[in-house]
Amino acid sequence: MKLKQISIFLENSPGRLYAATQALGEAGLNLRSLSISDISGFGVLRVLVSDVARARQVIMAKQLPARVDEVVAAEIDDTPGSLARALKVLMESKVNVDYMYALAGTSSGKAVMVFCFSDNDLAIKLLQEHKIKILDAESFGILEGPV
Amino acid sequence: MEKSDYRPKKFAVIGAGPVGGIVAAFLSRGGYEVTLCDIVPALLTPALAPGILLEGADNFQARVTRTTTNIDDLINDPPDVIFITVKATALPLIASALEGFVGPGRYVISWQNGIDTELELAKHLGNKAVMRGVVNFGCVPLSPGHIRLAFHNRPHYLQELDPESKAAAEGICQVLTECGLDTLHTDQITDMVWRKTVLNACMNPICAVAGMTMGEIINDPVTFNLVDALIKEGIAVARFNEFSLGSNYYPYAINYIKNAGNHKPSMLQDIEAKRRTEVDFINGKIIKYGKQVGLPTPYNEMIRGLVKALEPK
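The text that follows walks through the structure, step by step, so that each part is easy to find. Since this is a predicted model, take the numbers as computed values, not measurements. (Residues numbered from 1 in each chain as written. Chains lettered and ligands numbered in written order. Predicted model: local features only at pLDDT ≥ 70, side-chain atom pairs only at ≥ 80, totals over all residues. Heavy atoms only, no water.)

**Quick look at the overall build of chain B**
Item 1. In terms of regular secondary structure, chain B is built from 13 helices and twelve strands.
Item 2. Against the compact-globule benchmark of 20 Å for 313 residues, chain B has a radius of gyration of 19 Å, which places it among compact chains.
Item 3. Scored against the burial criterion, the 313 residues of chain B give a buried share of 57%.
Item 4. Considering only contacts within chain B whose residues lie at least 6 apart along the sequence, 69% involve residues at least 24 apart.
Item 5. Accessible surface, chain B: about 12,400 Å² in total, of which carbon and sulfur atoms supply 52%.
Item 6. Between the mean site of the 30 positive side-chain charges and the mean site of the 33 negative ones, chain B shows a separation of 3 Å. (Helix = DSSP H or I, 4+ residues; strand = E, 2+ residues; numbered from the N terminus. Rg over C-alpha atoms; globule rule 2.2 N^0.38 Å. Buried < 20%, exposed > 50% of the residue type's maximum accessible area, 1.4 Å probe, protein only. Contact = heavy atoms within 4.5 Å. Areas by Shrake-Rupley, 256 points an atom, 1.4 Å probe, with all protein chains shown as cover. Lys, Arg positive; Asp, Glu negative; His and termini not counted. Charge placed at Lys NZ, Arg CZ, Asp CG, Glu CD.)

**Quick word on the overall build of chain A**
Item 1. A count of helices and strands for chain A gives five helices and seven strands.
Item 2. For chain A, the sequential pattern of α-helices and β-strands runs β-α-β-β-α-β-α-β-β-α-β-α.
Item 3. On C-alpha atoms alone, chain A measures out to a radius of gyration of 16 Å, which is about the 15 Å that the 2.2 N^0.38 rule sets for 147 residues.
Item 4. Seen through its C-alpha atoms, chain A measures out along the principal axes to roughly 45 × 35 × 25 Å.

**Description of the sheet that holds strand β1 (residues 10-14) of chain B**
Residues and elements named next belong to chain B.
Item 1. Sheet architecture is open: eight strands sit in the order β5-β2-β1-β6-β7-β8-β11-β12, paired in mixed fashion. Both edges of this open sheet fall to β5 (66-68) and β12 (183-185), since each of them pairs with a single strand only. On average, each strand axis in the sheet is inclined to that of its neighbour by 25 degrees, with strand direction left out of account. (Pairing = 2+ DSSP bridges. Axes fitted to C-alpha atoms, helices over the stretch in contact; angles between N-to-C directions.)

**Description of a nonpolar patch on the surface**
Residues and elements named next belong to chain A.
Item 1. Residues Leu-17, Leu-31, Leu-34 and Ile-36 make up a contiguous nonpolar surface patch of roughly 310 Å² in combined accessible area.
Item 2. With three residues, the top contributor of residues to the nonpolar patch is strand β2 (residues 31-39).
Item 3. Within the fold, Leu-34 resides in strand β2.
Item 4. The class of Leu-34 is partly exposed, set by a relative accessible area of 41%. (Patch = residues over 30% accessible without salt bridge, like charges linked within 9 Å, V, L, I, M, F, W, Y side chains within 5 Å. Salt bridge = Lys/Arg side-chain N within 4 Å of Asp/Glu carboxyl O.)

**Here's the deal with the interface of chain B and chain A**
Item 1. On the chain A side, the residues contacting the 19 residues of chain B number 17 residues.
Item 2. Taken together, the two surfaces of chain B and chain A that pack against each other cover about 1,600 Å², and 51% of this comes from carbon and sulfur.
Item 3. In this structure, the connection of chain B to chain A is made through three salt bridges.
Item 4. We note a salt bridge from Arg56(A) to Asp72(B), for which the minimum N-O separation is 4.0 Å.
Item 5. In this assembly, chain B and chain A are joined by six residue pairs in polar contact (both at pLDDT 80 or more).
Item 6. Those elements giving two or more residues to the side of chain B that touches chain A turn out to be α4 (91-97) and α5 (117-125) of chain B.
Item 7. Here the element with the most residues in the side of chain B that touches chain A is α4(B); it accounts for five residues. (Buried area = accessible area lost by both parts, 1.4 Å probe. Polar contact = N/O pair within 3.5 Å; in protein donor to acceptor, adjacent residues only side chain to side chain.)

**Details of helix α9 (residues 221-240) of chain B**
In an α-helix, one turn spans 3.6 residues, which is why side chains three or four residues apart end up on the same side.
Residues and elements named next belong to chain B.
Item 1. The end-to-end C-alpha distance of α9 is 28 Å, a good match for the 28 Å that 20 residues give at a rise of 1.5 Å each.
Item 2. When α9 is considered as a whole, its buried residues turn out to be Thr-223, Phe-224, Val-227, Asp-228, Ala-229, Leu-230, Ile-231, Glu-233, Gly-234, Ile-235, Val-237 and Ala-238.
Item 3. Structurally, α9 contributes buried residues whose contacts are with α7 (189-210), α8 (214-219), α10 (249-258), α12 (279-292) and α13 (298-310).
Item 4. Capping of α9 at its N-terminal end is provided by Asp-220; its side-chain oxygen lies 2.8 Å from the backbone amide nitrogen of Val-222.
Item 5. Two residues or fewer past α9, Glu-242 is found with a positive phi of approximately 65 degrees. (Expected span 1.5 Å × (residues − 1).)

**Focus: the layout of surface pockets**
Item 1. Put simply, the second largest pocket is a space of about 1,400 Å³.
Item 2. Across the lining of the second largest pocket, the residue classes tally to 16 nonpolar, six polar and 18 charged. (1 Å grid on protein atoms, 1.4 Å probe; cavity = no way out; pocket = protein on both sides within 12 Å on 5 of 7 lines; lining within 4 Å. Points joined across faces, edges and corners; volume = space filled by probe spheres on them. Nonpolar A, V, L, I, M, F, W, Y, C, P; charged D, E, K, R; others polar.)

**As for the side chain of Thr186(B)**
Residues and elements named next belong to chain B.
Item 1. Mapped onto the elements of the fold, Thr-186 is located in the loop between β12 and α7.
Item 2. At a separation of 3.0 Å, a polar atom in the side chain of Thr-186 contacts the main-chain amide nitrogen of Gln-188.
Item 3. In contact with Thr-186, not counting residues within four places along its chain, are Tyr-157, Leu-158, Gln-159 and Met-192.

Structure follows, in structure tokens:
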């Protein structure tokens, strides 16, 4: 149920963001989601890609500092207060959100949020108990292992 | 050491640079099946024919069994033991790629410089599958598949992360020793890592920034003072974090570096080759552990920053 997200450390190097996205694009990899954040003064590019193993190879070849983290994608109603209600469930069980970002472009009255929790497994259990749909790799058309 | 029943037959080495080349050559010479893996095809071609050529402290040539540019091939045809010899900076991605490798009787060894490399592996693979080695040889790549061993101070050391894997670690030590890469099992690997890392942290980045060999750094009173300051800072951080360096570590360190010879450390080689270095796992970790105990590390902060400034963007 957890997704493999690639985090690329930009280190505030000029052109790093372009180099990373260009390399992935040239390899024919789609970015299913993308987020850029600032940690301690250094940018981090977080992406869900269509083929994790292939993306790893590309990033290794470019010698970009990166890692693979596990995240959870949850589908919630695209209505005011839905996100807060989901977070309340987690808060009551002392599951913290390390970071999250929205997946743009969804439709049908649903929004998809990508989360990294302090305890991903417990978060999945709690969300499912409250009828919140967890999206797997297949839902995104993501290959997570080597072909 | 009591003889272990664990006898691995198939090995893989990730990283076809000088360190990986040395491990692959010794294992191949010992008659074991060895797969050499690197993203750079040019580094792999000579390892098959005519073979990896070592000269200097050790002199022989040995051919590996097969090569691959794709780590995923190791999942499809798994060896018993994988040695990771690449720069520590690549470790998170490699660890992720190896998640499918883990199984009974299979082990991954961090055979690298730097602090906590084994912990990075264990995040993805679990403690039971991971081991950590500490090696002591200096090597220079003369050309792909041709490596000069400036020095080779045996023995090397190996320890499992999970006590359940102790017998396997001992078995791997036996194999390495039989191949000529004398390795002993230990239960003090973390202290050994810190002993080595303080030495690496005081010399390697200074060489990288100054473009000087170890001998040149030592013979220059200005740069030697910087080395001395880095040694003392590293010792303080280690001791504040309760890592044991031994009561005589400072004179040992001074004596060691004074006898290091006119050698280019790997960090200088990386800068010259326009490669990313592993400064974050060496000086960067000393900085991190210093912060954990409230100990400022200005020399390490400075030298890390200067090395990062020289790294390719």
